[in-house]
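One letter stands for each residue in the lines below.
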Amino acid sequence: MKLPPFEVHRPSSLHNASRLLRDMGSEAVPINGGTELLLAMKLGLAQYAHLVDLKRIPELRGVRRVGSGLAVGAGMTHRELESSRSIAEAVAEMPRMLAEIANVRVRSVGTIGGNLCFADPHSDPATFLSAIEATLVLGDGSTSRRVPVDEFFLGAYETKLEPGELLVEVTVPAVPTGTGAAHVRMKVHERPTVTVAAKVMVERDTIVRARLVVGSVCGTPVLPQAIDKLIGAPRAAWSERVREVAALSAAAVAPVADAEGSSRYKQALVEVFVRRALDAALSNAQGMTR
Amino acid sequence: MMTQLLEQPTKLSTAIGINVDRADARDKLAGSAEYTGDLHPPSMLFGAVLRSQYAHAEIESVDTSGAEAMDGVIAVLTGDDLMDLDPYYGHALRDRPIIAMGKVRFVGEPVAVVAAKSQAIAEAALSAIDVSYRVLPIAATLDRALAPGAPLVHEGPVRPGLAHGLGKLPEREGNICYRYGFSVGDMEAVFSRAAVVVDGEYVFPAVYQYSMETHTTVAHHRGREITIWSSCQHPFLVRQEISELFEVPLDDVRVIVPYLGGGFGSKSYTKMEPLAVAISRKAGLPVRIMNRVDESMVTTRRHNMKCRMRTAASAEGQLLGRVVEMWLDTGAYADNGPRVTATAGDAGPGPYRWEAVDVKAQCVYTNTSPAGSYRAFGATHLQWIGESQVDEVARRLGLDRVEIRRANLLARGGQVRPGAKGLDADLVGDVEEVAAALDWSAPRPSNRGVGLSVGLLAAGAHPVSMATVRLGADGGVTVLVGTTELGQGARTVMGQIAAEVLGLPPSRIVVRGTDTSYTPYDRSTGASRSTTVAGKAVEEAAAQVLEELIETAETTLGVARDELVVSEGRISGGGTAVTYEELIERRFGLKGGELIGQGHVGPRGGSGGFADGPVFWEVCVGGAEVEVEPETGVVTVLRISTVADVGRAINPLLVRRQDEGAVLQGIGNALFEEMRFSDEGLLLNDTLLDYRIPSFEDLPASMSCTIVENQDGPGPFGAKGCGEGAFAAMPAAIVNALADAGVQMTELPLTPERVWKKIQSQQGISKNHSTEEVDQ
């Protein structure tokens, strides 16, 4: 459990970073906060001779307004985003989600981009950003493409990033009035045992759109189909439908058993936390504080 | 001498009973306090340890040539280097080799040590060592170790350690390391007339005694002298063990102890010191061995245990008899396992007036990392079991749980165990304090509950401590006492005791760390003994100095001693006051010299209070209010109350801090701490990511600590120790509170999943299950 030796490269542009990574191939890995990567290296789970430090790349920094939403630099730390006023204004639930990640020391170093690219199955941002339909901008300094967050993850620790490609920006759409987002989670150890995020749009006391993401229990975030049962539900039926969706979602996921719990227990948690997430999202949609 | 002094009409100062600032606070907050890892004697080398990846294997060969050929590698140690010694140590049983001698018995056992010019070189050299193992059958769990035909962890004769204190040693018997037990009364008769019998099987986890500083030792074996700087709690026992192991006279072994970053028992007795001395002996230079967290986790841990207990009571709620049998897993080496086992056995009955008690405690070897001391050992293992059965008796009989304790608890002077000192505390009063602090009878929602628990811990260890107090020519005082400052505030408290006796402000007292070459003997820092035993020695030493001052004042002032007043560094009488500086000058005829006092505490002689064991019974009492979320199994501790029954609080704030720290560790032990070993003996959660320690986010919203001062302790000013009792009380209080909220648990820790499963199974069976087990 000792960090093996490695060489650090510090490019100051996206283009150079991308070139370095492409040139060195599987010998190299990008690093930002290092809160997950260095730990994996200490534990001998990952070995790289070259670390490409992204902290000096200006394109990865800052939070910009884009229309009603935001473009968040992938190199922003959880702590910076947690205390960003523009994020709080655009997506009220997001700072609360960020504030629950690990502990303040990790949040002060770890970045949103690092969290997503590492693709640890136990991730709050992956779950939440999928639910609010955030999009990722991937690029290498010359070309770029957009990928919805929920399509970004191919499996545990696996993403759609091509060799030399970097996550540049997270496009976060605003959550408008009448739409409610919520993120609920539980943890036993350092990482979450279960994370559930939801977004619902309510018009004239009827649910017109609903999105649900269950995270941290499978290799990647899962979007249960059962959420469609909420669409068109009048207010009087919400409570019953939410419970129905919760039960169906739990039945549909096949959680991975690990140190956080057995598959059966996690399934029971999914039912509980789907219910809580939807209740909270509906409550938020109505402008109620929860 | 003390009684004579107390008759003096001297008006002593008020240095005790007040919250004197910690003597070490400034250094520690400024980062200037030195720990062993900060030290760097000239030419010091860095050690790295190659550890076994097998739980049980014969070592066929070790090839160190590749490592030895590396630049910067000075020496590589293996078992072959120790053939000229009897390399086995262990204060209880001499069963542990300094380094694997042809065989490994747990994953993580040291097989080779590299000493190199840098830590990086030493680490790199480890991978250049080739070890060939022949894997043996493994007994990594209690069940496997106790099964017929189990692989034997140890063979050959049982050898007593230098501080075994275990009476006559039996012949080796399977994987049993030690047996303890006692039996009183006619159990059959008692059970035959019982109206209620509670019977259960219980499981207690292996736990890591996390401290911020890992085990760290710098050793220098030079010629026939050995100097050791180490993060150790018991420097004098380390000195003795090193002296025997390396066949060097006691005086030629010097153990120096800087500040410790926490100990909690994990640094008691001998840990990394023999290995550090052995590699230094080979390298000829000082070598540092500083464990990583994962290495400290396999250096020592708390015993996991399984237990069966039966409690019998009359229809009126009189506790009649208890039968308890327990098996404690001490891992591959005894370490302090026998003592832990005996203390667990003593805690088995609980502090009640039984007609019959039968205790059988077994300490068992397995192929896992060795287990030793951890704050409130034994008591923590058993109290939650015994107290949950007392609660269950009350529930079945419809009695209040405080009432059943009031009716059955031992009174002052009552017999705790055959042959031991009678009870020296007011347990009923303590329980009532706890209950009141929890609003015991207040109505609560069905998923909330309250629980309390009470128990006793034999405290004080062996009561042998010496101290020296030196009053210098400028009126300043140096206290030399072998107590280790491991964060508990020992140096502050020792200073307060000396200040109180000498009528000086505590700021005039300096308490040094231990250097066995100069500091007088102290048996150990543990078992809540320091204030009581070492503090008594400091009090006596200070009193000797005061006596010399008074003698000098009598002649100087020409006033009889019964007309003298001692206050704030001066003695006055007959209208004149003289300072201590002036008295020293008068006595020696120059501005120099010093007055030296010696204090001696032992089981016999000067200190009658220490003649019977234990030194005192530490009261383990506390309560909790918890809330359980049935759909997730999450248990939240809402409120805690503890009672520190300390006789006299020398520093009340430090007493509270002790209880708070013990509470937090107790919560961790109760709710989530658990070392998980695979069937092959591999520790699966050896990082602090996967092994969760308590942090501030686990603090209950409300904590209260009531300090009880009945001045009934054998220590200075009626004090007795504290700081462990609340630990033992916590898991028990939490388990009982959770049962009050409807979930009866028999396995710790109370992880959400474990609690959830229990709730699921309770929902699946008929509600009257608790009456099915009632006899008659």
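Along every chain, residues carry numbers that run from 1 in the direction the sequence is written. Written order decides the labels, with chains lettered from A and ligands numbered from 1. The model is predicted, so local features are restricted to residues of pLDDT at least 70 and side-chain atom pairs to those at 80 or more, both for listing and for counting; the totals for chains, interfaces and linings are taken over all residues. Computation of side-chain values: all heavy atoms of the structure, hydrogens and water removed.

Q: Help me out: how do you make sense of the overall build of chain B in this one?
A: Here a helix means four or more residues in a row that DSSP labels H or I, a strand means two or more in a row labelled E, and each is numbered from the N terminus. The helix and strand tally for chain B stands at 20 helices and 29 strands. We compute the radius of gyration over the C-alpha atoms and compare it with the globule rule, which gives 2.2 Å times the number of residues raised to the power 0.38. Against the 2.2 N^0.38 benchmark of 28 Å for 776 residues, chain B shows a C-alpha radius of gyration of 27 Å, consistent with a compact globule. Scored against the burial criterion, the 776 residues of chain B give a buried share of 62%. Contact criterion: two residues are considered in contact whenever any of their non-hydrogen atoms come within 4.5 Å of each other. In chain B, of all internal contacts separated by at least 6 residues, the share reaching a separation of at least 24 is 80%. Surface exposure of chain B reaches about 27700 Å², of which carbon and sulfur atoms provide 50%. Both charge centroids of chain B, one from 71 positive and one from 99 negative side chains, sit 1 Å from each other. In this scheme, a residue with accessible area under 20% of its type's maximum is buried, one over 50% is exposed, and one in between is partly exposed, where area comes from a 1.4 Å probe on protein chains only. In this description, accessible areas are obtained by the Shrake-Rupley approach with a 1.4 Å probe, and a residue is regarded as covered only by the protein chains that are shown. All tallies of charge rest on Lys and Arg as positive and Asp and Glu as negative; His and the ends of each chain are not included. Working definition for charges: the position is that of NZ of Lys, CZ of Arg, CG of Asp or CD of Glu.

Q: Is there a simple way to explain the domain arrangement of chain A in this structure?
A: All names here are of chain A. Residue ranges assigned to the domains are those given by an automatic or database domain assignment. Examined at the domain level, chain A breaks down into domain 1 (7-53), domain 2 (62-172) and domain 3 (179-285). The distance between the C-alpha centroids of domain 1 and domain 2 comes to 19 Å. Listed as interface residues are 13 residues of domain 1 and, on the opposing side, 14 residues of domain 2. Interface of domain 1 and domain 2: buried area, both sides summed, is about 1100 Å²; carbon and sulfur atoms make up 67% of it. The salt bridge criterion pairs a side-chain nitrogen of Lys or Arg with a carboxyl oxygen of Asp or Glu, the two atoms within 4 Å. In this structure, the connection of domain 1 to domain 2 is made through 1 salt bridge. Taking the shortest distance from any N to any O, the salt bridge between Arg-22 and Asp-140 comes out at 3.3 Å. Here a polar contact is recorded for every N or O atom pair within 3.5 Å, except that within protein the pair must consist of a potential hydrogen donor and a potential acceptor, and residues adjacent in sequence are included only if both atoms are side-chain atoms. If you look at where domain 1 meets domain 2, you find 2 residue pairs in polar contact (both at pLDDT 80 or more). Here the quantity called buried area is the total loss of accessible area, with a 1.4 Å probe, experienced by two parts when brought into contact, counted for both.

Q: What am I meant to see in the packing of aromatic side chains here?
A: Two aromatic rings are characterised by how far apart their centres lie and by the angle between their planes. Pairing of aromatic rings covers Phe, Tyr and Trp, the last counted by its six-membered ring, and requires centre-to-centre distances within 6.5 Å; plane angles under 30 degrees mean stacked, over 60 mean edge-to-face, and any other angle means tilted. Inspection of the entire model under this criterion finds 13 aromatic pairs over all chains. For the pair A:Phe152 and A:Phe153, a centre-to-centre distance of 5.3 Å together with 75° between the ring planes defines the contact as edge-to-face. On the basis of relative accessibility, which here comes to 0%, the residue A:Phe152 falls in the buried class. A ring pair is formed by B:Tyr208 and B:Tyr691, whose centres lie 6.3 Å apart and whose planes are at 70°; its orientation type is edge-to-face. With B:Tyr208 in the loop between strand E10 (196-204) and strand E11 (216-222) and B:Tyr691 in the loop between helix H17 (652-671) and strand E29 (702-708), this pair connects stretches of sequence that are 483 residues apart. For the residue pair B:Tyr208 and B:Tyr691, the accessibility class agrees, reading buried in each case. Grouping aromatic residues by their ring pairs yields a cluster made of B:Tyr208, B:Tyr210 and B:Tyr691. Geometrically, a lysine NZ or arginine CZ counts as sitting over a ring once it is within 6 Å of the ring centre and also within 35 degrees of the ring normal. Against the face of A:Phe273 rests A:Arg276, its NZ or CZ located 4.9 Å from the ring centre. Across the ring face of B:Phe672, the terminal group of B:Arg692 is positioned such that the distance to the ring centre comes to 3.9 Å.

Q: How do you make sense of the pairing of strand E2 (residues 57-63) of chain B when you look at a structure like this?
A: Taken residue by residue, a regular strand's side chains alternate between the two faces of the sheet. Residue and element names in this part refer to chain B. Examined bridge by bridge, E2 and strand E6 (residues 103-104) share 2 bridges and lie antiparallel to one another. Each residue of the ladder has a partner; that of Glu-58, found in E6, is Lys-103. Two strands pair under a simple rule: DSSP has to find at least two bridges between them. In terms of strand pairing, E2 meets strand E8 (residues 130-135) through 6 bridges, oriented antiparallel. Following the sheet pairing, Ala-57 is matched in E8 by Val-135.

Q: Mind showing me how you'd approach the pattern of salt bridges here?
A: This structure, assessed with the given rule, holds 77 salt bridges over all chains. The salt bridge involving A:Arg235 is made with A:Asp205; its shortest N-O contact spans 3.8 Å. Of the two residues, A:Arg235 sits in the loop between strand E13 (206-215) and helix H10 (238-252) while A:Asp205 sits in the loop between strand E12 (192-203) and E13, which places them 30 residues apart along the sequence. Assessed through its relative accessible area of 39%, A:Asp205 is described here as partly exposed. Here B:Glu660 makes a salt bridge to B:Arg657, at a shortest N to O gap of 2.9 Å. Of the two residues, B:Glu660 and B:Arg657 both sit in helix H17, 3 residues apart, roughly one turn of that helix. One connected set of salt bridges, linked through shared partners, spans B:Asp439, B:Arg444, B:Arg448, B:Glu625, B:Glu627 and B:Arg639.

Q: Teacher, can you tell me more about helix H11 (residues 263-285) of chain A here?
A: Take the residue count of a helix, subtract one, and multiply by 1.5 Å to get its expected span. Given a rise of 1.5 Å per residue, 23 residues ought to cover 33 Å, and the 32 Å separating the end C-alpha atoms of H11(A) matches this to within 8%. A:Gly287 lies just past H11(A) and shows a positive phi near 75°.

Q: Where do I start with the sheet that holds strand E2 (residues 28-31) of chain A in this structure?
A: Strand pairing in a sheet is mediated by backbone hydrogen bonds. Such pairs are either parallel or antiparallel. Residue and element names in this part refer to chain A. Spatial ordering of the open sheet is given by E1-E3-E2, a layout of 3 strands whose pairing is parallel. Of all the strands in the sheet, just strand E1 (7-9) and E2 have a single pairing partner and so form its edges. Adjacent strand axes in the sheet meet at a mean angle of 30°, parallel and antiparallel pairs treated alike. Each axis is a line fitted through C-alpha atoms, and for a helix only the stretch in contact is used; angles between axes span 0 to 180 degrees, taken between their N-to-C directions. Helix-sheet contacts for helix H1 (residues 14-24) involve E1, E2 and strand E3 (50-53), and the interaxial angle to E3 is about 165°.

Q: What is the right way to look at the interface of chain A and chain B in this model?
A: With 21 residues of chain A at the interface, the matching set in chain B holds 19 residues. Buried surface at the junction of chain A and chain B, summed over both partners, amounts to about 1800 Å²; 60% is from carbon and sulfur atoms. Seen at the junction of chain A and chain B, the total is 4 salt bridges. In this structure, A:Lys187 engages B:Glu697 in a salt bridge whose closest nitrogen and oxygen atoms are separated by 3.5 Å. As a working rule, the residues Ala, Val, Leu, Ile, Met, Phe, Trp, Tyr, Cys and Pro are called nonpolar, Asp, Glu, Lys and Arg charged, and the rest polar, with Gly in that last group. For the side of chain A that touches chain B, the residue count by class is 11 nonpolar, 3 polar and 7 charged.

Q: Just to check I follow, could you spell out the nonpolar core for this structure?
A: For soluble globular proteins, the rule of thumb is that nonpolar side chains tend to be buried together. Residues and elements named next belong to chain B. By convention a nonpolar core is built from buried Ala, Val, Leu, Ile, Met, Phe, Trp, Tyr and Cys residues, the set being connected through side-chain atoms within 4.5 Å. Core analysis: the biggest nonpolar cluster contains 108 residues, and Cys-307, Met-326, Leu-382, Ile-734, Leu-738, Leu-750 and Val-755 have the highest contact counts within it. Counting residues per element, this core draws most heavily on helix H18 (residues 725-740), at 10 residues. In this view, Ile-734 contacts Ala-624, Val-626, Val-637, Ile-667, Ala-670, Leu-671 and Leu-750; residues no more than four positions away in its chain are not counted. One finds Ala-467, Val-477, Val-511 and Ala-541 within the second-largest nonpolar core, a separate group that totals 49 residues.

Q: When you look at the domain arrangement of chain B in this model, what are you seeing that I'm missing?
A: You'll often see interface size given as the accessible area lost when the parts meet. Residue and element names in this part refer to chain B. Parsing chain B into structural domains produces domain 1 (2-33 + 462-610) and domain 2 (389-460 + 614-772). Taking only C-alpha atoms into account, the centre of domain 1 sits 37 Å from that of domain 2. Listed as interface residues are 27 residues of domain 1 and, on the opposing side, 23 residues of domain 2. Both sides together, the interface formed by domain 1 and domain 2 hides about 1900 Å², and carbon and sulfur atoms give 62% of it. Contact with domain 2 buries area across many residues of domain 1, yet Ile-16, Ser-528 and Thr-532 alone supply 29% of it, more than any other trio. For the pair domain 1 and domain 2, the interface holds 0 salt bridges. For the pair domain 1 and domain 2, the interface holds 13 residue pairs in polar contact (both at pLDDT 80 or more). Secondary structure elements with two or more residues in the side of domain 1 that touches domain 2: helix H14 (490-502) and helix H15 (530-557). Here the side of domain 1 that touches domain 2 is composed, by residue class, of 10 nonpolar, 12 polar and 5 charged.

Q: Honestly, the side chain of B:Glu673 in this entry has me stumped. Any pointers?
A: Residues and elements named next belong to chain B. If you trace the backbone, Glu-673 turns up in the loop between H17 and E29. Of the buried charged residues, Glu-673 lacks a salt bridge, with Arg-302 as the closest side chain of opposite charge at 8.2 Å. A polar contact is formed between the side chain of Glu-673 and the side chain of Tyr-691, at a distance of 2.6 Å. In this view, Glu-673 contacts Pro-205, Val-207, Tyr-208, Gln-665, Gly-668, Tyr-691, Arg-692, Ile-693, Pro-694 and Pro-749; residues no more than four positions away in its chain are not counted.

Q: How should the environment of B:Phe106 be read in this particular structure?
A: All names here are of chain B. Turning to its location among the elements, Phe-106 is positioned in the loop between E6 and strand E7 (110-116). With 336 residues separating them along the chain, Phe-106 and Ala-442 place their C-alpha atoms 51 Å apart. Not counting chain neighbours up to four residues away, the residues in contact with Phe-106 comprise Ser-52, Tyr-54, Ala-55, Arg-96, Val-298, Ala-332, Tyr-333, Asn-367, Thr-368, Ser-369 and Pro-370.

Q: What should I look at first to understand unusual backbone geometry in this one?
A: The general pattern is negative phi for most residues beyond glycine and trans for most peptide bonds. With omega at -5°, the peptide bond leading from B:Leu748 into B:Pro749 counts as cis. For B:Pro749, the location among the structural elements is in the loop between H18 and helix H19 (752-764). A positive phi is found at A:Arg204, a non-glycine position, where the angle reads about 45°. The backbone phi angle of B:Ala461 is positive, close to 50°, even though this residue is not glycine. By secondary structure assignment, the location of B:Ala461 is in the loop between strand E18 (448-459) and strand E19 (465-471). The exposure class assigned to B:Ala461 is partly exposed, which follows from its relative accessible area of 36%.

Q: Got a minute to help me understand the confidence of the model for chain B in this structure?
A: As a general rule, the predicted coordinates of low-pLDDT regions are not to be interpreted in detail. Residue and element names in this part refer to chain B. When pLDDT is averaged across chain B, the result is 94; 96% of the residues are at 70 or more. Contacts from residues 1-11, a stretch scored under 50 in pLDDT, to residues over four places away or in other chains number 20 contacts. As a per-residue measure, pLDDT reflects the predictor's confidence and takes values from 0 up to 100. pLDDT under 50 marks residues 766-776. Its contacts with residues more than four places away, or in other chains, come to 13 contacts.

Q: Before we go on, may I ask you to explain the environment of B:Leu750 in this structure?
A: Residue and element names in this part refer to chain B. Mapped onto the elements of the fold, Leu-750 is located in the loop between H18 and H19. We classify Leu-750 as buried; its relative accessible area is 2%. Sequence separation of Leu-750 and Ile-667 is 83 residues, and the distance between their C-alpha atoms is 9.8 Å. For Leu-750, the contacting residues outside a window of four places in its chain are Ala-670, Leu-671, Ile-734, Val-735, Leu-738, Met-745 and Val-755.

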